Amino acid sequence: MSTFDTIPKTKQEALVETLLRLADDRLILGHRISEWAGHGPELEEDLALANIALDMIGHASALYTYAAELEGKADEDHYAYFRDDIDFKNIALCELPRGDFAFTIARIFLFSTFSYFLYQKLIDIVEDEQFNGMLQKHFKEIKYHLRHSREWVLRLGDGTDESHQRAQDAFNEIWMYTGELFNLDEVDQVAIQKNLFVDTLDFREEWEKLVVDTLEEATLNVPDMEQYMFSGSRQGRHTEHLGRLLAEMQFLRRSYPDAEWK
Amino acid sequence: MTKNSSENTEWPLWEVFYQPKDGKPFEHAGSVHAPDAELALQNARDTYARRNEGIAFWVVPSDQIVASSPEDQGPFFDPANDKPYRHPQFYSVPRAVKKRK
């Protein structure tokens, strides 16, 4: 399936859709984080961010490869390079511009805490061996992303006046994009029925507790949980930022489809 | 271009040691900059654990390492030069011991 508005019928269609949703989040966020390469605040943190970006792109690559196998596409590049923004199923949180270091850390932290609980629950219920194997392998890296970003939230929040303010601004700005983490649509409902996805509301409280505890420890205010939340990205209604990201990411592969690494 | 130390905004330096396998001695990997111990461990991980190098890390503030100076090389190390009998290989293994193997 390549269009966003088709409800999967078979188990295989539901699996492909689930793989692509997970992969798109990770490819787009991985690409955003990769924009730090060479610009990190310190050499060591430059490496750390590049590692995290590579991990996420690696997770996406594995998930796409499996989807390509199931759908009979040539390889994972089909999904990364030859789809337009309307066909990407990532949430807006992943596509927002790079931002400053505090914003980068806030985003990795919120996304990794979510991934941590999601993968933990998925590993328990997913019967498909290949999919479950990927989840288990990637879960180890997610734990590290969570640890690294959490430690930085604590240090920025409880650091200097400037780092505190930047961290607070980052969480305030990004908060309206966290609603999509927990939005479930019909596609997800089919996947849940087929034991390929979990009801994310089941771990929403655990997620909130970890986030709130961390923000409080970091002396940061928790943004208003009841505020307006952005939605619609999973159905292809993206922010203006995704198109520009794809233009940069896809241009070479589309302009020179036969290009090879030499 | 001279900077005195009070203007130095660089993070402190940490020496990183890794253990290649269970029971093996820790080896020096290199150094990282980090604001504190937890981030020194994480920076060690991101800098020196990318190719399956080992199973454990030590990080030690570099200014806590006490080093011998180059002038110490003579008195510290030269006396061992002509004392090959300090190496186990200096001794031939008695036949009786060899047999028992």
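Quick note: structure is the one above.
As the structure is a prediction and not an experimental result, all values here were calculated from the model.

Novice: Explain the nonpolar core to me, please; I cannot follow it from the model alone.
Specialist: It is characteristic of soluble globular proteins that their nonpolar side chains tend to be buried jointly. Residues Leu19(A), Ala23(A), Leu63(A), Ile105(A), Ala106(A) and Ala167(A) are the most contacted members of the largest nonpolar core, which totals 74 residues. Examining the composition of this core, we find that 14 residues originate from one element, helix H5 (residues 101-125) of chain A, more than from any other. When near neighbours in sequence (up to four residues on either side) are disregarded, Ala23(A) contacts Ala60(A), Leu63(A), Tyr64(A) and Tyr79(A). Formed by 9 residues, the second largest nonpolar core is a distinct cluster that contains Trp14(B), Val16(B), Ala34(B) and Val59(B).

Novice: Is there a simple way to think about helix H9 (residues 204-217) of chain A in this case?
Specialist: Along an α-helix, residues three or four positions apart point the same way, because every turn accommodates 3.6 residues. Residue and element names in this part refer to chain A. In a regular helix each residue adds 1.5 Å, so 14 residues correspond to 20 Å; H9 covers 20 Å between its end C-alpha atoms and thus fits that length. Buried residues along H9 sit in contact with H5, helix H6 (129-157) and helix H7 (161-174). The first or second residue beyond H9 is Thr219, which carries a positive phi of 60 degrees.

Novice: I keep staring at the packing of H5(A) against H7(A) and nothing clicks. Help me out?
Specialist: For any two helices packed against each other, one specifies the crossing angle of their axes together with the interaxial distance. All names here are of chain A. Interhelical geometry of H5 versus H7 gives an angle of 50 degrees and a closest axis separation of 8 Å. The orientation of H5 relative to H7 falls into the category oblique. Handedness of the crossing formed by H5 with H7: right-handed. Here H5 contributes Ala102, Phe103, Ala106, Arg107 and Leu110 to the contact with H7, which in turn contributes Ser163, Arg166, Ala167, Ala170, Phe171, Glu173 and Ile174. A breakdown of the residues in the contact of H5 with H7 according to their chemical character gives 8 nonpolar, 1 polar and 3 charged.

What counts as what
Residues numbered from 1 in each chain as written. Chains lettered and ligands numbered in written order. Predicted model: local features only at pLDDT ≥ 70, side-chain atom pairs only at ≥ 80, totals over all residues. Core = buried A, V, L, I, M, F, W, Y, C linked by C-beta atoms within 7 Å. Buried ≥ 20, exposed ≤ 12 C-beta atoms within 10 Å, placed from the backbone. Helix = DSSP H or I, 4+ residues; strand = E, 2+ residues; numbered from the N terminus. Contact = placed C-beta atoms within 7 Å. Expected span 1.5 Å × (residues − 1). Axes fitted to C-alpha atoms, helices over the stretch in contact; angles between N-to-C directions. Parallel < 35°, antiparallel > 145°, perpendicular 65-115°, else oblique. Left-handed = near helix turned anticlockwise from the far one by under 90°. Nonpolar A, V, L, I, M, F, W, Y, C, P; charged D, E, K, R; others polar.

So far we have only geometry, and geometry alone does not tell us how the molecule works.
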